[in-house]
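If you want the building blocks of each chain, they are given just below.
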Amino acid sequence: MASTLSAEDLLRSATQGFDHLFANDIDAAQKVFESEDAPFHLLGLGVVAFLQAALGMETGLMDEATRCLTASEAGAKKQARAAKSLPSIHRFDAGMEWEVMHADAVVLLGLTHALSESYRGYLQCVAHSKFNKLFKTVYPNGLQSYATPATTPLPSRRGSDRSLRSSAMQSKPTTASKSGFFSRWFAPPASVAAPGTITNPPSGPVEELVLSGTAFGYGLFNLVLSLLPAKIRNVVGFFGFNHDRMLALQALAVSAARNDIHSVFAGLVLMTYHGVVLLLSGYQADEAHIIKQYKAIVSRVDGRYPDGSLWILNKAKIQRMTYDTEGAIETLRDGLKPERKKSFPQADTLLTFELAWTLLSHRRYEETAKQFLDITKLNSWSHATYYFIAAGCYFSLKDYNRAQKLLDKIPDQLDKRKLSGRDMPTETFIKKKLAFYKRKQARLGGDENRFVEAIRISPAEVWNTHARIESSIAIAHIQEWSSLTPAITDIESKYLATSIAKNESDDLDTVDELAIRSLLLGIVHRTLAEYTAARAFLLDALERAPDVEISSWVGGVSAFELAVLDLKEAEVKGTNMKPEEAMTMWEGVLAGASEKLDQAYAMSTKQMDLSSRLDSRIVMLRDEIFDKRGLLGLPA
């Protein structure tokens, strides 16, 4: 039965449901969403199912998300059509709120299909011009008049002038007003400010929804488009769909600064993006701005929902990214205390997951192993991967019996999860590593059932956990890896082990192991700002890469890490140079780093293990290079 409540009343009701959801009370949220058969509420049910599936890595829950979102999309479309013949209840065109709801459902359906391991979702999103149309209608003069959670006047953080100008010049007035709100981008300012700005605030929750929801949908769609794998992006671009990442981020930031529930979603998207960039890109053109924006968004949402696991998670991520590892561990453990009221298990699982990685980055192997084993009880995603990392932790503790027991469990866990009918990338990698260890153990003449004895570099240490670690942790890694034979004699570093035990045979007797050791040593030396040694080790890894047996990923990752090294070293050198000297240096460094990324991308073929992970890192670092050029005033 159709609801008799007004759009504003339905919106207020659904907002209560979202408030429960983001405060970790998922049961109360579902009760609110089930109370009305309206598009707002159906969207809420779809969001609950979507978050449960996405956060818990449970793709099986996507059917329920698809059902609810499809119903919400149809309902919003019907309401929008009906509203066209009625007077508008706000300063925008009649039915605009339903257009925003329809766009919400479309983009979430697209992401649902994507998480169901299908690019149909992206194509569905691209098939709708609704996002651009709404944006040009609601923000015809761009976004520069609107606040963000941490507004800064940095030119690198604005969308490109071309995109903003295009948005303005292609838009048309859609209300009776003929004031400055609908003037073109470069027109002189008028006396009436744009709706939603400080001097002309929105009139009621429906206008707030239109403003926040439009910025959110446009920003999310374009950000997702910018992060697609290069090959897919090229196909999309062929049909005329291009993106402006900086404008997308600015739109999300504008949405995040508002009070509608879309602001929370926008904040969550920005938190996730900033966290991933800080962790995976290796270098940031303006790290201070990213941290500032990240902290402002987390503080804003955390103040609204202090018990929400998602905000506790991101508070800890900031602490980890700013080298406060102990603070991050304390935050996460407080968030996991049993006395906390919680009924959002998928979000709580993320706290355990983040705690495991944070402990691993701190070499706290016993605690790390426990956390990864606990995760196997919390979700069904790749238990083989969790066992593999936990086994590596016990190997590092020299508890070889427990390590072997976990390694023995892995074969039964493999192949339980598939991506589009194919093996999961991490499990393909693990299969090759297990076979490699067994072959080495046979070559050494050992008991093949004790192949843990053939391991020399811990399986827990190849997962990109060394870029943001304390100096003492980096030095401990160097001492451990450089103590393995053959001794390192051709690269100098004050941190290398000086006392090396002599064995009948070398610890590392394959090209794969030697290349991986050099790669890891290059990364941790770079963390210590020992750039000469770091470059020597990374080049050594790159030179060995063509001869590896199974470690196909080493070459591409080495080239990528060399690009990061060039950029980080240039930041240090530039502080002691005259401006014109620094500019000349940066032109060469940015060009060289781009060439190294081209080299890394060329090595990232379908046959390379974990290639999609490297592809994503390359995309992010290219974006940071683009931003650096903007900061320096250099052409793109």
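Residues numbered from 1 in each chain as written. Predicted model: local features only at pLDDT ≥ 70, side-chain atom pairs only at ≥ 80, totals over all residues. Heavy atoms only, no water.

Sorry if this is basic, but what is going on with the environment of valine 276 here?
Structurally, valine 276 is set in helix α12 (residues 261–280). Take valine 276: its relative accessible area is 31%, and that puts it in the partly exposed class. Each C-alpha atom of the pair valine 276 and lysine 317 lies 9.7 Å from the other, and the pair is 41 residues apart in sequence. Excluding residues within four positions of it along the chain, valine 276 makes contact with Ser281 and Met620. (Helix = DSSP H or I, 4+ residues; strand = E, 2+ residues; numbered from the N terminus. Buried < 20%, exposed > 50% of the residue type's maximum accessible area, 1.4 Å probe, protein only. Contact = heavy atoms within 4.5 Å.)

I tried to follow helix α18 (residues 383–396) on my own but got confused; where do I start?
Given 3.6 residues to a turn, an α-helix orients residues that are three or four positions apart in the same direction. The terminal C-alpha atoms of α18 lie 20 Å apart, and with 14 residues this matches the ideal 20 Å at 1.5 Å per residue to within 8%. Of the residues one or two after α18, lysine 398 is the one with positive phi, at around 65°. (Expected span 1.5 Å × (residues − 1).)

How should I be thinking about helix α24 (residues 554–574) in this particular structure?
Taking 1.5 Å as the rise per residue, α24 with 21 residues should run 30 Å; its terminal C-alpha atoms sit 30 Å apart, in good agreement. Extensive coverage of α24 is indicated by the burial of 17 of its 21 residues.

Can you walk me through the packing of aromatic side chains in this structure?
Any aromatic ring pair is given by two values, namely how distant the centres are and how the planes are angled relative to each other. Taken as a whole and judged by the stated rule, the model has 20 aromatic pairs. When the ring of phenylalanine 22 is compared with that of phenylalanine 265, the centres are 5.1 Å apart and the planes differ by 75°; the resulting orientation is edge-to-face. Highlighted residues: phenylalanine 22 in helix α1 (residues 7–22) and phenylalanine 265 in helix α12, separated in sequence by 243 residues. With a centroid separation of 6.2 Å and 70° between ring planes, the pair formed by phenylalanine 429 and tryptophan 553 is classed as edge-to-face. Of the two residues, phenylalanine 429 sits in helix α20 (residues 425–444) while tryptophan 553 sits in the loop between α23 (531–544) and α24, which places them 124 residues apart along the sequence. The exposure class assigned to tryptophan 553 is buried, which follows from its relative accessible area of 9%. Through pairs of rings, three or more aromatic residues link up here, namely Phe18, Phe22, Phe33, Phe216, Phe265, Tyr305 and Trp311. Against the face of phenylalanine 436 rests lysine 433, its NZ or CZ located 5.7 Å from the ring centre. Over the ring of tryptophan 586 we find lysine 628; its NZ or CZ atom is 4.7 Å from the centre of that ring. (Phe/Tyr/Trp six-rings, centres within 6.5 Å; stacked < 30°, edge-to-face > 60°. Lys NZ or Arg CZ within 6 Å of the ring centre and 35° of its normal.)

Looking at this model, I keep getting lost on the environment of alanine 602. Mind explaining?
Locating alanine 602 in the fold gives a position in helix α25 (residues 579–603). Residue classification places alanine 602 among the exposed positions, given a relative accessible area of 57%. Separated by 46 residues in sequence, alanine 602 and glycine 556 have C-alpha atoms that sit 7.9 Å apart.

Any chance you could explain the packing of helix α13 (residues 287–304) against helix α14 (residues 309–321) here in plain terms?
Helix packing geometry: the angle between the two helix axes and the distance between the axes. Running from amino to carboxyl end, α13 crosses α14 at an angle of 150°, the nearest separation of the two axes being 10 Å. Between α13 and α14, the crossing angle belongs to the class labelled roughly antiparallel. Crossing handedness for the pair α13 and α14: left-handed. Contacts between α13 and α14 involve Tyr294, Lys295, Val298, Val301 and Asp302 from the first element and Trp311, Asn314, Lys315, Lys317 and Ile318 from the second. In terms of residue class, the contact of α13 with α14 is made up of 5 nonpolar, 1 polar and 4 charged. (Axes fitted to C-alpha atoms, helices over the stretch in contact; angles between N-to-C directions. Parallel < 35°, antiparallel > 145°, perpendicular 65-115°, else oblique. Left-handed = near helix turned anticlockwise from the far one by under 90°. Nonpolar A, V, L, I, M, F, W, Y, C, P; charged D, E, K, R; others polar.)

Is there a simple way to explain the confidence of the model for the protein in this structure?
Detailed reading of predicted coordinates is not advised where the pLDDT is low. Across the protein, the average pLDDT comes to 86, with 86% of residues at 70 or higher. Long-range and interchain partners of residues 152–191, a stretch whose pLDDT sits below 50, account for 74 contacts in this model, where long-range means more than four residues apart. (pLDDT = per-residue confidence, 0-100.)

What is the right way to look at unusual backbone geometry in this model?
Trans peptide bonds make up most of the peptide bonds, and negative phi angles are found at most residues other than glycine. In this structure, proline 486 follows threonine 485 across a cis peptide bond, with omega equal to 5°. Phi is positive for asparagine 464, close to 60°, though the residue is something other than glycine. On the secondary structure map, asparagine 464 appears in the loop between α20 and α21 (471–482). With a relative accessible area of 17%, asparagine 464 lands in the buried category.

Looking at this model, I keep getting lost on the nonpolar core. Mind explaining?
Across soluble globular proteins, nonpolar side chains show a tendency to be buried alongside one another. With 104 residues, the main nonpolar core has Leu21, Tyr139 and Trp311 as its most contacted residues. Of the residues forming this core, the biggest block, 12 residues, is contributed by α12. In this structure tyrosine 139 touches Tyr146, Leu211, Ser212, Thr214, Ala215 and Val254, once residues within four positions along its chain are discounted. (Core = buried A, V, L, I, M, F, W, Y, C linked by side-chain atoms within 4.5 Å.)

Help me understand the side chain of threonine 331 in this model?
By the element assignment, threonine 331 lies in helix α15 (residues 325–335). Polar contacts involving the side chain of threonine 331 include one to the side chain of glutamine 319, which spans 2.7 Å. Threonine 331 has contacts with Ile312, Lys315, Ala316 and Gln319, leaving out every residue within four places of it along the chain. (Polar contact = N/O pair within 3.5 Å; in protein donor to acceptor, adjacent residues only side chain to side chain.)

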